[in-house]
Amino acid sequence: MDQTPDEHVRFFKRLFLTIVLTPFLVAIWMTVVDSYRRRGKRSRPFPTVEPETVDLGTHDGSVTVYTYGQDLYDAMLAAIDSAREEIFFETYIWKADEVGDVFKRALVNAAERGVRVHVIYDVFANLVVSPRFKKFPSNIQVLRFPIYTAGWRMLDFRHYGRDHRKILTVDEQVAFVGGYNIGGEYATQWRDTHVAVTGPAVRELRRAFADFWNLHRRNRLRPSAQALTVAPPENWDLPVRVVRNVPRLMMFPIRSMYLDVIDRAGERIWLTQAYFLPDQDFVDALVLAARRGVDVRLLVPLKSNHIVTDWISRGYYSQMLDAGIRILRYQGAMVHAKTATVDGRWTTVGTANIDRLSLSGNYEINLEIVDDELAALMERIFAVDESNSLALSSEEWEARDLHRKFTEYVLAPLRPLL
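Thresholds, definitions, all that
- Residues numbered from 1 in each chain as written.
- Predicted model: local features only at pLDDT ≥ 70, side-chain atom pairs only at ≥ 80, totals over all residues.
- Heavy atoms only, no water.
- Core = buried A, V, L, I, M, F, W, Y, C linked by side-chain atoms within 4.5 Å.
- Buried < 20%, exposed > 50% of the residue type's maximum accessible area, 1.4 Å probe, protein only.
- Helix = DSSP H or I, 4+ residues; strand = E, 2+ residues; numbered from the N terminus.
- Pairing = 2+ DSSP bridges.
- Axes fitted to C-alpha atoms, helices over the stretch in contact; angles between N-to-C directions.
- Phe/Tyr/Trp six-rings, centres within 6.5 Å; stacked < 30°, edge-to-face > 60°.
- Lys NZ or Arg CZ within 6 Å of the ring centre and 35° of its normal.
- Contact = heavy atoms within 4.5 Å.
- UniProt positions renumbered as here; feature names shortened; annotations may be inferred.

Peer 1: So what's going on with the nonpolar core? Residues and values would help.
Peer 2: The biggest cluster of nonpolar side chains holds 44 residues, and the ones touching the most others in it are Tyr73, Ile87, Phe89, Phe103 and Phe176. Elements with a contribution of two residues or more to this core: helix H2 (69-82), strand S3 (86-91), helix H3 (98-112), strand S4 (116-122), strand S5 (140-145), strand S6 (167-170), strand S7 (174-178) and helix H4 (184-188). One finds Ile254, Val261, Ala285 and Ile325 within the second-largest nonpolar core, a separate group that totals 36 residues.

Peer 1: Talk me through the pairing of strand S11 (residues 268-273); I want residue IDs and the actual numbers.
Peer 2: Among the six residues that make up S11, five are buried, leaving the element largely enclosed by the rest of the structure. Sheet topology note: the S11/strand S13 (residues 295-301) ladder contains five bridges and is parallel. Its bridge partner being in S13, Ile269 is matched across the sheet by Val296. Bridge count between S11 and strand S16 (residues 338-342): five bridges; the pairing is antiparallel.

Peer 1: An account of the sheet that holds strand S1 (residues 52-57) is requested, with residue identities and associated values reported.
Peer 2: Across the sheet, eight strands lie side by side as S1-S2-S9-S7-S6-S3-S4-S5; this open sheet has mixed pairing. Looking at which strands have only one partner, the edges of the open sheet turn out to be S1 and S5. Here the strands of the sheet are splayed against their neighbours by 15° on average, with no regard to which way each runs. In this sheet, strand S2 (residues 61-66) lies alongside S1 in antiparallel orientation, the contact comprising five bridges. Along S2, the bridge assignment pairs Asp55 with Ser62.

Peer 1: Can you break down the packing of aromatic side chains residue by residue, with the values?
Peer 2: Across all of its chains, the model carries 16 aromatic pairs by this definition. Consider the rings of Phe89 and Trp94, whose centres lie 5.0 Å apart with planes at 70°: the pair is edge-to-face. By the burial criterion, Phe89 is buried, and Trp94 matches it. Among the aromatic residues, those joined into a ring-pair cluster are Tyr73, Phe89, Trp94, Phe103, Phe133, Phe136 and Tyr180. We note Lys104 situated over the ring of Phe133; from NZ or CZ to the ring centre the distance is 5.0 Å. Over the face of the ring belonging to Phe136 we find Lys104, whose NZ or CZ atom lies 5.0 Å from the ring centre.

Peer 1: Tell me about the environment of Gly361, and name the residues and values.
Peer 2: Relative to the assigned elements, Gly361 resides in the loop between helix H10 (356-360) and strand S19 (364-370). C-alpha of Gly361 to C-alpha of Pro247: the two residues are 114 residues apart in sequence and 6.3 Å apart in space. Apart from residues lying up to four places away in sequence, Gly361 is in contact with Tyr160, Gly161, Pro247, Phe252 and Arg356.

Peer 1: Got a sec to walk through the UniProt feature "domain: PLD phosphodiesterase" (unreviewed entry) in the protein chain? Specific residues and values, please.
Peer 2: Listed under "domain: PLD phosphodiesterase" (unreviewed entry) in the UniProt record, and renumbered for this structure, are residues 159-186 and 331-358. Between the end C-alpha atoms of residues 159-186 there is a gap of 30 Å, over a span that is 11% helix and 32% strand. Structurally, residues 331-358 comprises 11% helix and 50% strand, and the distance from its first C-alpha atom to its last is 24 Å.

Peer 1: Before we move on, could you go through the pairing of strand S9 (residues 194-197) and cite the residues and values that matter?
Peer 2: Neither face of S9 is exposed, since His194 and Ala196 on one face and Val195 and Val197 on the opposite face are all buried. Summarising the sheet, S2 and S9 pair through four bridges and their orientation is antiparallel. If you follow Tyr66 over to S9, its bridge partner there is His194. Alignment of S7 against S9, held across four bridges, turns out to be antiparallel. Bridge pairing in S9 places Phe176 opposite Ala196.

Peer 1: Now, about the sheet that holds strand S10 (residues 240-245): what can you tell me, with residues and values included?
Peer 2: Read from one edge to the other, the open sheet built from eight strands follows the order S10-S19-S17-S16-S11-S13-S14-S20, with strand pairing classed as mixed. Unpaired on one side and paired on the other, S10 and strand S20 (389-392) mark the two borders of the sheet. In this sheet, neighbouring strand axes are inclined to one another by 15° on average, regardless of whether the strands run parallel or antiparallel. Sheet topology note: the S16/strand S17 (residues 346-350) ladder contains four bridges and is antiparallel. Its bridge partner being in S17, Thr341 is matched across the sheet by Thr347. Along the sheet, helix H5 (residues 200-216) makes contact with S10 and S19, crossing S10 at roughly 15°.

Peer 1: If you had to explain unusual backbone geometry to someone new, which residues and values would you point to?
Peer 2: Backbone geometry places Asp171, a non-glycine residue, at a positive phi of 55°. Secondary-structure assignment places Asp171 in the loop between S6 and S7. Here Asp171 falls in the buried class, since its relative accessible area comes to 14%. Notably, Met250 is not glycine yet its phi reads approximately 55°, a positive angle. Turning to its location among the elements, Met250 is positioned in the loop between S10 and helix H6 (253-264). Classification of Met250 by relative accessible area gives exposed; the value is 53%.

And the structure:
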């Protein structure tokens, strides 16, 4: 029987909805199943490197690299306990567990002894955290970065993006930045990278905190909350450069930083990424580097805490492997670091993943450091991580099961959203 025009319309509507909804439904199903399978599982022990400090020079300060959460937390808490004037503390996730409570009490104690304490955290990232935990005494200034900031300007994309940064500065003496959130799981079960800096870089990280605070403090804080001011830099020619993504101001220099240094690379590019979801131009830059003889290595989790991200990221593997890029899959634990080192001279450590959300959506912050000794240390750390990784060969990748190829194909439309 011939179909009527209305039946044709209904058919195409159903077909369209099926095509659009299928990737989302598959993603939800995979997430639920993976969450069930992970219940009660702990990461296996993984190799770590003891905290090591690199001196940048008499007037340029130092950089200490942390690759194990408990070591980092001990150093951060010691710095908070030593504070006498000011603490700026900003985090994305702040769990209400034993570790989270230790940090909260340390900040409260600092405020009680007269230290000016300012805190920023992302509301969306902490939706499941108890409201009671998120209450602070009045002597601590708190900016809760809201879930939605656009108001009636729903099409103004400058007002979207999460605060994905992790910063601690204390008394203009020391500052911490990197991939670690605050929580017991991260202390011992995740492999991440954070740095502590001294010298002029501390002021630049204080400025980054103050600029975010001042940009968002209106209508978010008590009327008594004052704008924060940070003195201008004494020297613009610093070995440590703070690179910030600021969606509100349409500033996204971290992606440009990566593309520029990949283009400059002549010997090696070693990347460690928790979530690798680049755009095609970024992949092309890595492929071109590999084809001109650069040793390009990408270290990612064998299984991350976001299974859908894992599957979607594989969409670029074929062209990367064909170009000679080594893909290393970290096993036994979640690697959450966002680092890179190039040609034994250049290093970046920070909060930005190589994905759309980090490079063109969220508030992020990375350090860019040109120093041979630090780059050598980062290469040693990479080598230790590589020893705990499985290399992916082109033969293994091409021989994967048909259902895996089909799942990657179904999820591919979600790539621009992550």
